[in-house]
Amino acid sequence: MATQDQYDVIVVGAGNAALSAATAAAELGARVIALEKAPEHLRGGNTYFTGGTLRFPFSGIEDVKDLMPDLSEEEEAGVDVGEYSQEKFYSDLMRVTEGLTDPELANILVTQANPTMKWLGRNGIKWVLMYRRQAFKIGDKYRFWGGLILEASGGGKGLADQQFEIAKAKSVEIRYEAKVASLHEDNTGRVIGVRIKGPEGYYDLYGKTVVLASGGFQANTEMRTRYLGADWELAKVRGTQFDTGDGIRMAMDIGAAPHGHWSSCHAVAWDLNAPPYGDRRLTDLFQKHSYPFGIVVNMEGERFVDEGADFRNYTYAKYGREIMKQSSRAAVQIFDAKVMELLRDEYFIPEVTSAQADTIEELAKRLDIDPAGLVKTVEEFNASVSGEEYNPTILDGKHTQGIEPPKSNWALPIDKPPYVGYSVTCGVTFTFGGLRINNKGQVQDTEETSIPGLYAAGELVGGLFYYNYPGGSGLMAGAVFGKLAGTEAAGEALA
Ligand SMILES: Cc1cc2nc3c(=O)[nH]c(=O)nc-3n(C[C@H](O)[C@H](O)[C@H](O)COP(=O)(O)OP(=O)(O)OC[C@H]3O[C@@H](n4cnc5c(N)ncnc54)[C@H](O)[C@@H]3O)c2cc1C
């Protein structure tokens, strides 16, 4: 089949970054099409599988009220959201990425995050406070921690559905089962369109500009193994099976520069028996993020990370990679009865891989952990706990002494049965390596000049995340850089 058509802006993909780009371009009056590889019933990309949480700077409850105009006085009186400045966001990003984040991209992200949240809100995205996952009740108020306060109503599913509705209302055309296979250039090197593989074969579409927003390469076993290393083909994928690095590959085929941390990725503790790709009903519920309130051991019964090094949302994205290094790529999170009420919702789904017992030795046997190893670890751990006051809403400094690795906060002895263990493996979320963009979202070639007509946003942009990641930054970066790329691409197309 051969059809030809001309658009102002062609967007590749239809996740958060793509729909932000498409909506921003359409708002400027551009004729926009979003091309999505998945069939309609599997739409939404990785965005669909998220918790719908976005990290943005806010100065207090007034910013929340701007985004949640229906917040009642009663609800307002029951929360302490604190504040989160641009400087704190910037320093968190730099701190967790070992100072490697591209400063220009970091500046755009932290300065544009709050205005972009307001833009999403004006367009109709509904937000709710994250009571379930980012707050604990202390006295009469829910206190939020870790720089995260809001999630999209309906989580990732709700966010994706709302974004599709908004894009359609702005006259964005969305075409499913349209896998973009390659980019067309003219003789000057300008990108002028795309080659698509649809259900009936290949065809071409032409546009004045193209925005790539087709995700990372986490669902491509060959690329995972090539760039992340041995055994990464065995990792479970937390989200969509469609993010196979196509946009990165097709841009590099025409000379785009690779950028960022290609040998690293966002990866978390994920249920041992989760399916190989994301489950559209359970979405993110196979994750197990409450380890700061217990200990994590390998199958030999040994601890291998500082479970309390920082708030959960500053360590979870790097600890999946530590689980990959353990025998059988497996670990067990262990809690006692004292902390069970602090565990997140995801621990209470029927599909969880867990066991309970009244002794540590019995728990070890039920979860295939070496019993002698686990008993020794728990005894040493309990004996090492210091006396500070325990408080899960702050870095309480309640730490261990004399054991390796230490536990730096929230160290309580594991001594109140029943004991519960949750078996986990490594779940890969998204890859960190990608394309280099400039401050207009234009894709850079290996000589660091812009490839005319080509823009990029979302997971496939490299340079933002190295080694680790502050929770909630992926969706925020996708929205900020998607809006930027869509605005610039439309501006160029309509000039
Ligand atoms: C389980 C889970 C939970 C998460 N929770 C959060 C969270 O709460 N907060 C947060 O900030 N981040 C979270 N993330 C990370 C977040 O999903 C990503 O950062 C973000 O969704 C990426 O958006 P994107 O638009 O770049 O990619 P995607 O949403 O994956 O969109 C890319 C789209 O491109 C399509 N595509 C791929 N190849 C082609 C092609 N050749 N042609 C056409 N289309 C193509 C794909 O089908 C897909 O629809 C989570 C991720 C997962 C998996």
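Everything numeric here is computed off the predicted structure, so don't read it as measured data.

Digging into the overall build of the protein
Counting its secondary structure elements, the protein contains 13 helices and 21 strands. Over its C-alpha atoms the protein spans a radius of gyration of 23 Å, differing by no more than 12% from the 23 Å that the globule rule assigns to 495 residues. Expressed along its principal axes, the backbone C-alpha trace of the protein runs to roughly 70 × 50 × 40 Å. For the protein, with 495 residues in total, the buried portion stands at 53%. Counting only contacts in the protein whose residues sit at least 6 apart along the sequence, the fraction spanning at least 24 positions is 75%.

Here we look at the packing of helix H1 (residues 16–27) against helix H13 (residues 473–494)
Contact geometry for H1 and H13: axes closest at 7 Å, N-to-C directions at 35°. Classified by chirality, the crossing of H13 by H1 is right-handed. Every residue of H13 that contacts H1 at Asn16, Ala17, Ala18, Ser20, Ala21, Ala22, Thr23, Ala24 and Ala25 is listed here: Leu475, Gly478, Ala479, Phe481, Gly482, Lys483, Ala485, Gly486, Thr487, Ala489 and Ala490. For the contact of H1 with H13, a count of residues per class yields twelve nonpolar, seven polar and one charged.

Here we look at the pairing of strand S6 (residues 141–144)
Strand direction decides the pairing type here: strand S3 (residues 79–80) and S6, joined by two bridges, are parallel. Each bridged residue has a counterpart across the sheet, and for Val79 the counterpart in S6 is Tyr142. Pairing geometry for strand S5 (residues 135–138) and S6, over four bridges, is antiparallel. Residue pairing across strands places Phe136 opposite Arg143, the latter belonging to S6. In textbook terms, the turn of a hairpin is the stretch between consecutive antiparallel strands, and for S5 and S6 this stretch comprises two residues, one of which, Gly139, has a positive phi near 65°.

Overview of the site of the ligand
Gly13, Gly15, Gly45, Gly458 and Gly474 are the nearest of the 42 residues found near the ligand. Secondary-structure elements contributing two or more residues to the shell around the ligand are H1, strand S9 (179–185), strand S18 (419–431) and H13. Counted by class, the shell around the ligand contains 14 nonpolar, 20 polar and eight charged residues.

Some details on the environment of Tyr316
Within the element layout of this structure, Tyr316 appears in helix H10 (residues 316–324). Each C-alpha atom, one on Tyr316 and one on Gln356, is 24 Å from the other, the two residues being 40 residues apart in sequence. Discounting residues that sit within four places of it in the chain, Tyr316 has contacts with Val268, His289 and Gly471.

So, helix H5 (residues 103–122)
Here H5 contains 20 residues, and its C-alpha end-to-end distance of 29 Å stays within 8% of the 28 Å for a straight helix at 1.5 Å per residue. Most pronounced at Ala113, the bend in H5 amounts to some 45°, and the proline Pro115 follows within four residues. Those residues of H5 that sit buried are Leu105, Ile108, Leu109, Val110, Gln112, Ala113, Asn114, Thr116, Met117 and Leu120. In this structure, the buried residues of H5 make contact with helix H2 (61–67), helix H4 (86–96) and H13. Once H5 ends, the next one or two residues include Gly124, with phi positive near 120°.

Some points on the nonpolar core
Membership of the largest hydrophobic core comes to 146 residues, with the highest contact counts inside it found for Val9, Val11, Ala21, Ala22, Ala34, Val211 and Ala456. When residues in this core are grouped by element, the largest group, eleven residues, is from H13. Two domains share this core, each providing at least three of its residues, namely domain 1 (6–217 + 432–494) and domain 2 (267–427). Setting aside residues up to four positions removed in sequence, Ala34 forms contacts with Val11, Ala14, Ala18, Leu19, Ala22, Ala167, Val172 and Ile174.

Some thoughts on the pairing of strand S1 (residues 6–12)
Where burial is concerned, most of S1 is hidden: six out of the seven residues are buried. As paired strands, S1 and strand S11 (residues 201–212) are joined by six bridges and run parallel to one another. Bridged to Val9 within S11 is Thr209. Here four bridges tie S1 to strand S2 (residues 32–35), and the two strands are oriented parallel to one another. Note that in S2 the partner of Ile10 across the bridge is Ile33. Chirality of the crossover, the property in question, places the unit of S1, H1 and S2 among those that are right-handed.

Observations concerning the domain arrangement of the protein
Domain boundaries in the protein define domain 1 (6–217 + 432–494) and domain 2 (267–427). Summarising the inter-unit geometry, the C-alpha centres of domain 1 and domain 2 are found 32 Å apart. For the side of domain 1 that touches domain 2, the secondary-structure elements that each account for two or more residues are H4, helix H6 (131–134), S5 and helix H7 (155–169). Considering each element in turn, the side of domain 1 that touches domain 2 owes the most residues, three residues, to H7.

Regarding unusual backbone geometry
Put simply, Glu404 and Pro405 share a cis peptide bond, and its omega is -10°. Position of Pro405 among the secondary structure elements: in the loop between helix H12 (371–383) and S18. Omega for the peptide link from Pro417 to Pro418 comes to 0°, which places this bond in the cis form. You can see Pro418 is positioned in the loop between H12 and S18. With phi around 40°, Thr283 is a residue other than glycine that occupies positive phi space. Mapping Thr283 onto the fold places it in the loop between strand S14 (265–271) and strand S15 (295–297). Despite not being glycine, Asp368 shows a phi value in the positive range, around 60°. Among the structural elements, Asp368 can be located in the loop between helix H11 (360–366) and H12.

Rules used in this analysis
- Residues numbered from 1 in each chain as written.
- Predicted model: local features only at pLDDT ≥ 70, side-chain atom pairs only at ≥ 80, totals over all residues.
- Helix = DSSP H or I, 4+ residues; strand = E, 2+ residues; numbered from the N terminus.
- Rg over C-alpha atoms; globule rule 2.2 N^0.38 Å.
- Buried ≥ 20, exposed ≤ 12 C-beta atoms within 10 Å, placed from the backbone.
- Contact = placed C-beta atoms within 7 Å.
- Axes fitted to C-alpha atoms, helices over the stretch in contact; angles between N-to-C directions.
- Left-handed = near helix turned anticlockwise from the far one by under 90°.
- Nonpolar A, V, L, I, M, F, W, Y, C, P; charged D, E, K, R; others polar.
- Pairing = 2+ DSSP bridges.
- Near = placed C-beta within 6 Å.
- Expected span 1.5 Å × (residues − 1).
- Bend = angle between axes of the 7 residues up to and from the residue.
- Core = buried A, V, L, I, M, F, W, Y, C linked by C-beta atoms within 7 Å.
- Domains from an automatic or database assignment.
- Right-handed = clockwise from strand over helix to strand, strands pointing away.

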